[in-house]
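# Descriptive structure summary
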Amino acid sequence: MATPDFEIKSSVLTVRLGGNLTHVESPAALFQAAQNLETKKISVLTEGLKAWDSTLVSILFELQNISHARKIGFEAKGLPQGLARLLALAQAVPQHVDKVVVEKEPLLDRLGSWGINLFNIFLKGWHFTAENLAALGRFATGKTAARKVDFLFALEDCGPKALGIVSLISFMVGLILAFVGAIQLKTFGAQVYVASLVTIGMIRIMGAIMAGIIMAGRTGASFAATLGTMQVNEEIDALKTMGVPVSEFLVLPRLAALVIAMPILTMLADFMGMLGGAFVGVLLLDIPAVEYWRYSWQAWGLTNFFVGLFHGFVFGFIISLCGCYYGINSGRNADGVGVATTKAVVAGIVWMIIATGFITFCCERLGI
Amino acid sequence: MTTDKIVAKNLQVAYGPKVIIKTADFAVKQNDIFIIMGGSGSGKSSLLRVLTGLMPPAKGTFWVDGTDYPAADDETKLEIMKKVGILYQSGGLFSSMTLAENVALPLQKYTDYSPATIDELVNLKLALVGLNGYNDYYPAEISGGMKKRAGLARALALDPEIVYFDEPSAGLDPISSTRLDNLMKDINQSLGTTLVVVTHELDSIFAIGTNGIFLDAASKSLTAHGNPHDLLKNPPNETVYNFLTRGKEDEKTA
Ligand SMILES: Nc1ncnc2c1ncn2[C@@H]1O[C@H](COP(=O)(O)OP(=O)(O)OP(=O)(O)O)[C@@H](O)[C@H]1O
Ligand SMILES: [Mg+2]
């Protein structure tokens, strides 16, 4: 393989360029010679150089850098015009040196800043929530910057377009619930209580949770990705500088749409889950349809139903607030949007579970 | 003798039924700095998308180094695209990689140079565009103009024979813009690279252009073909004249 010849004579490193010098691999020996403390000057001679490419330029550039760093002389004679020009161009702007030095904090300090950070994040989240709840109040009276079309688009997206997937998944969950329940109840010969089990399970909590998890993955993620991309495209900056409140213009339509849609989706999930249970009960466990219906009806209670709806309503808030919050605070590149979407879904699900625990505790205390 | 690097014949550019350029015939010669001129919306970026293989021509075809590009098989297309560098309007850098990794990517993919050689080439390319020492920065951490220059460093990584530029000087200050013009000229002359440049900048057009075409939005066609200086001397029609003199006329009357 072609490589430039070189020799060291009386402290001068002479590099000879000749022949075909294309696709030259990095000559480690040459750079070592240049770094050698004996070397006091680097001289490049060109004789009969026929062909060259960027690899040769990069080697000369590196030699030049070494000579600068070691403060020794560098001269190049007879370089082809183009090569000389590229070399000059590469040296035109001095190397950028970063002056930012990050000092490592002691452990206690780091723990402290971590705590303060966490507190600030909670505070920021709380402000965001409060701001949007207030905006939702104004939205109800129609005095906001939110556009009706945005609201209708969001409503369509998290309403009619989500019906299929919510129906399918809740039907399957009802089915599974019935199967698993039947195995246990069979041992007591109490198979018919499968109906009660599925009904109570679905309407009190499972319907809302299933709808919530589906919507967090589907709509919460989409909110975060949309708003994150708007952040990347400087659309959110434009809104802010125009004085349009971001929470009203972007968050509110989505928040309102999901808060309206979630209870309805919850009802749908309840119904489809019960249907799934009936499918197993009547067709596979041979429980007479009338019996199944009677036990379901006995288990069905208005309280359970409303507790389920309330869950759905709260989940609507949580999912849309998480999606919008992480979208608006997304990083300004493709990666940032990905991270924001992940966080929106994870945070949405975690807060939903926390809320469920809290509501269940309250119901228990209140004896509901 | 100069040879034709890119030849387009009866080339039509369209998005589905929406025709942007009815028909275009032109030839880019080896070592040209070929300027694609035209008003906003005249289809310059769309033409570039066709020439870089991102979109098939609606009708007609074009040859790169004598090969019918749209008709070629995937392997031939890849071989041709290896000889081509592209600078996208906003840089097109991969945001999850540092500048050095961005520039190294085509080298790692298409050459068998050792890591040390690749490192040196990356250093050189970044230094050529004035980003010496920015190796470990992420695209999100540098300015718009720097992104553009880093994109150029990546476009130059493989010593391409043809480099396409979409609005290289948009968003740059006058000094950076002139520097970029000089850089393009230097690359053109020292490496013999053919450059195809979409630009509105009159200064750039006259400073670097050796050949070019003018696209007209109203007639959806190519209304002029030649060296910008010649087009200014003998403008083939009013639109071209207005386009090429706008700045100067304004200066005179001001
Ligand atoms: N994906 C697309 N689908 C349909 N039409 C498009 C698409 N992209 C561009 N166009 C249309 O093609 C025409 C030309 O657009 P193009 O981006 O090529 O213009 P341009 O000459 O590059 O303009 P500018 O100087 O503003 O960048 C415009 O009328 C535009 O509306
Ligand atoms: Mg364009």
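Calculation rules
- Residues numbered from 1 in each chain as written.
- Chains lettered and ligands numbered in written order.
- Predicted model: local features only at pLDDT ≥ 70, side-chain atom pairs only at ≥ 80, totals over all residues.
- Heavy atoms only, no water.
- Helix = DSSP H or I, 4+ residues; strand = E, 2+ residues; numbered from the N terminus.
- Rg over C-alpha atoms; globule rule 2.2 N^0.38 Å.
- Buried < 20%, exposed > 50% of the residue type's maximum accessible area, 1.4 Å probe, protein only.
- Contact = heavy atoms within 4.5 Å.
- Areas by Shrake-Rupley, 256 points an atom, 1.4 Å probe, with all protein chains shown as cover.
- Lys, Arg positive; Asp, Glu negative; His and termini not counted.
- Charge placed at Lys NZ, Arg CZ, Asp CG, Glu CD.
- Pairing = 2+ DSSP bridges.
- Axes fitted to C-alpha atoms, helices over the stretch in contact; angles between N-to-C directions.
- Domains from an automatic or database assignment.
- Buried area = accessible area lost by both parts, 1.4 Å probe.
- Polar contact = N/O pair within 3.5 Å; in protein donor to acceptor, adjacent residues only side chain to side chain.
- Phe/Tyr/Trp six-rings, centres within 6.5 Å; stacked < 30°, edge-to-face > 60°.
- Near = heavy atom within 4 Å.
- Nonpolar A, V, L, I, M, F, W, Y, C, P; charged D, E, K, R; others polar.
- Arc of directions from axis to C-beta.
- Salt bridge = Lys/Arg side-chain N within 4 Å of Asp/Glu carboxyl O.

## A short note on the overall build of chain A
Check the secondary structure of chain A and you find 12 helices and four strands. Since a compact globule built from 368 residues should have a radius of gyration of about 21 Å, the 35 Å found for chain A marks it as more spread out than a globular shape. Expressed as a percentage of its 368 residues, the buried residues of chain A come to 45%. Here the analysis covers contacts within chain A between residues at least 6 apart in sequence; of these, 81% occur between residues at least 24 apart. In the form shown here, chain A has an accessible surface area of approximately 19500 Å², with 67% of it arising from carbon and sulfur atoms. Averaged over its 27 positive side-chain charges, chain A has a centre that lies 3 Å from the centre of its 25 negative ones.

## Here's the deal with the sheet that holds strand β3 (residues 41–52) of chain A
Residue and element names in this part refer to chain A. Strands sit in the order β1-β2-β3-β4 across an open sheet of four strands; the sheet is mixed. Edge positions in the sheet fall to β1 (5–9) and β4 (73–77), since each has one partner strand and no second. Across this sheet, the average inter-strand angle for adjacent strands is 15 degrees, counted without regard to direction. Sheet topology note: the β1/strand β2 (residues 12–21) ladder contains five bridges and is antiparallel.

## Here's the deal with the domain arrangement of chain A
The domains assigned to chain A are domain 1 (5–92) and domain 2 (133–366). Computed over C-alpha atoms, the centres of domain 1 of chain A and domain 2 of chain A are 68 Å apart.

## Structural notes on the interface of chain A and chain B
The interface of chain A with chain B comprises 28 residues on the first partner and 27 residues on the second. Between chain A and chain B lies a buried interface of about 2500 Å² when both sides are counted; carbon and sulfur atoms form 55% of it. Remark: the boundary between chain A and chain B carries 12 residue pairs in polar contact (both at pLDDT 80 or more). Those elements giving two or more residues to the side of chain A that touches chain B turn out to be α2 (54–70), α3 (81–92) and α12 (334–366) of chain A. With seven residues, the single largest contributor to the side of chain A that touches chain B is α2 of chain A.

## Quick look at the packing of aromatic side chains
Taken as a whole, this structure holds 15 aromatic pairs over all chains when the rule is applied. Between Trp-293 of chain A and Trp-297 of chain A, the ring centres sit 6.1 Å apart and the planes meet at 15 degrees, which makes this aromatic pair stacked. Here Trp-297 of chain A and Trp-293 of chain A lie together in helix α10 (residues 289–299), a separation of four residues that amounts to about one turn. For the pair shown, Trp-293 of chain A and Trp-297 of chain A are each scored as exposed. Taking the centre distance of 5.6 Å and the plane angle of 20 degrees together, the rings of Phe-62 of chain B and Tyr-69 of chain B count as stacked. When its relative accessible area of 7% is taken as the criterion, Tyr-69 of chain B is described as buried. Members of the aromatic cluster, each reached through a chain of ring pairs, are Trp-293, Trp-297, Trp-300, Phe-305 and Phe-306 of chain A.

## A word on the site of ligand 1
Residues and elements named next belong to chain B. Taken together, 13 residues surround ligand 1, and among them Ser-40, Gly-41, Lys-44, Ser-45 and Ser-46 come closest. At 2.8 Å from an oxygen atom of ligand 1 is found a side-chain nitrogen or oxygen belonging to Lys-44. One of the side-chain nitrogen or oxygen atoms of Ser-45 is found 2.7 Å away from an oxygen atom of ligand 1. Here ligand 1 has 640 Å² of accessible area as a free molecule, and 61% of this is covered by the chains. Sorting the residues of the shell around ligand 1 by element identifies β2 (18–29) and α1 (44–51) as the ones contributing at least two each. Sorting elements by how many residues they give to the shell around ligand 1 places α1 first, with three residues. Across the shell around ligand 1, the residue classes break down as two nonpolar, eight polar and three charged.

## Remarks on α10 of chain A
Residue and element names in this part refer to chain A. Regarding α10, the residues found buried are Tyr-292, Tyr-295, Ser-296 and Ala-299. When α10 is viewed along its axis, its buried side chains cluster within an angular range of 100 degrees and face the same direction. What points out from α10, more than 90 degrees from its buried face, is the exposed set Val-290, Trp-293, Trp-297 and Gln-298. Along its buried surface, α10 packs onto α7 (194–232), α9 (246–284) and α11 (302–328).

## What to know about the pattern of salt bridges
All told, the structure shown has 15 salt bridges over all chains when counted by the stated rule. A salt bridge links Arg-147 of chain A to Asp-150 of chain A, with the shortest nitrogen-to-oxygen separation between them at 3.2 Å. On the basis of relative accessible area, Arg-147 of chain A is assigned to the partly exposed category, the value being 43%. Ionic contacts of the salt-bridge type, sharing partners, join the residues Lys-5, Asp-65, Lys-83 and Glu-161 of chain B into one network.

## Here's the deal with the environment of Asn-120 of chain A
All names here are of chain A. With respect to the secondary-structure elements, Asn-120 resides in helix α4 (residues 107–140). When its relative accessible area of 38% is taken as the criterion, Asn-120 is described as partly exposed. A C-alpha to C-alpha distance of 55 Å links Asn-120 and Leu-285, two positions 165 residues apart in sequence.

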